[in-house]
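Listed below are the residues making up each chain.
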Amino acid sequence: MENKNPCSITYTLGALKERQIKRDIHFMTMAKLESTQSKCLSRKIGAVLVIDNHIISTGYNGPPKEVPHCDRRDNSGKYTKKFVSNKCPRQRMGFKSGEGMEHCVAIHAEINPILQAAKFGISTNNSTLYCFCGTPCVCCAKEIINAGITRVVCLEKAGDSNWDTPINLGKKGYNFPMSESLFSLAGIILDVVKEESL
């Protein structure tokens, strides 16, 4: 018997994909907005954690709660009581982008939503993480996997032909193929939204 219900809607695969792309752009725009809260002197990154098309948690890169920002750190990385510089302490110590990470006190934007969800007892299992950055680093990738996140949407991937776009200049390329490999092995979908679409 044929279903004549006028309220039933059948979507083609193309329409479903178009709806997902619109959602991805929406949530990535929210991650971009979240990045504006970052006080990082090096890069401003935001992330949004979503389950069933609802935001459950957000985050941006920066120091742990109650820890002063890096504009209060001297040229050796030690904290002072007064403003020192608007330049990243690692850069002032002579490290190139991606180097000297042991001197960085920031929690990465990808991890902060996971921590916020844990703080309030919200499961991150089967969620999607939107990252206003390139492919997450290996450290973040490992934590994303163990948090039960099943899909990651970022701005660019290491394998993209336009890896040298301004958003990614200076990034340490060796981390990203490993992250992509770990995601693949763990069965995590890795999708891309182009920044110009936001």
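Residues numbered from 1 in each chain as written. Predicted model: local features only at pLDDT ≥ 70, side-chain atom pairs only at ≥ 80, totals over all residues. Heavy atoms only, no water.

**Q** Which residues make up the state of the cysteines, and what values go with them?
**A** The final tally for this structure, using the stated rule, is zero disulfides. There is no disulfide at Cys104, and the cysteine sulfur nearest it, in Cys40, is 6.3 Å away. Cys154 takes part in no disulfide bond, and the closest cysteine sulfur, belonging to Cys131, lies 6.7 Å away. Given the relative accessible area of 0%, Cys154 is considered buried. (Disulfide = S-S within 2.5 Å. Buried < 20%, exposed > 50% of the residue type's maximum accessible area, 1.4 Å probe, protein only.)

**Q** Summarise the sheet that holds strand 1 (residues 46-51); cite the residues concerned and give the values.
**A** With mixed pairing, the five strands of this open sheet are ordered in space as 2-1-3-4-5. The sheet terminates laterally at strand 2 (54-60) and strand 5 (189-192), the two strands that pair on one side only. Neighbour to neighbour, the strand axes of the sheet diverge by 20° on average, direction disregarded. Across four bridges, the pairing between strand 4 (residues 151-154) and strand 5 is parallel. Opposite Val153, over in strand 5, you have Asp191 as the bridge partner. Strand contacts of helix 3 (residues 112-119): strand 1, strand 2 and strand 3 (128-131), with the helix running at about 120° to strand 2, the strand carrying the most contacts. (Pairing = 2+ DSSP bridges. Helix = DSSP H or I, 4+ residues; strand = E, 2+ residues; numbered from the N terminus. Axes fitted to C-alpha atoms, helices over the stretch in contact; angles between N-to-C directions. Contact = heavy atoms within 4.5 Å.)

**Q** Describe the environment of Cys88, naming the residues involved and giving the relevant values.
**A** With respect to the helices and strands, Cys88 occurs in the loop between strand 2 and helix 2 (89-92). Relative accessible area serves as the criterion here: at 7%, Cys88 is assigned to the buried category. Cys88 sits 16 residues away from Cys104 along the chain, and the two C-alpha atoms are 9.0 Å apart. In this structure, Cys88 is in contact with Leu41 and Ser42, ignoring residues within four places of it in sequence.

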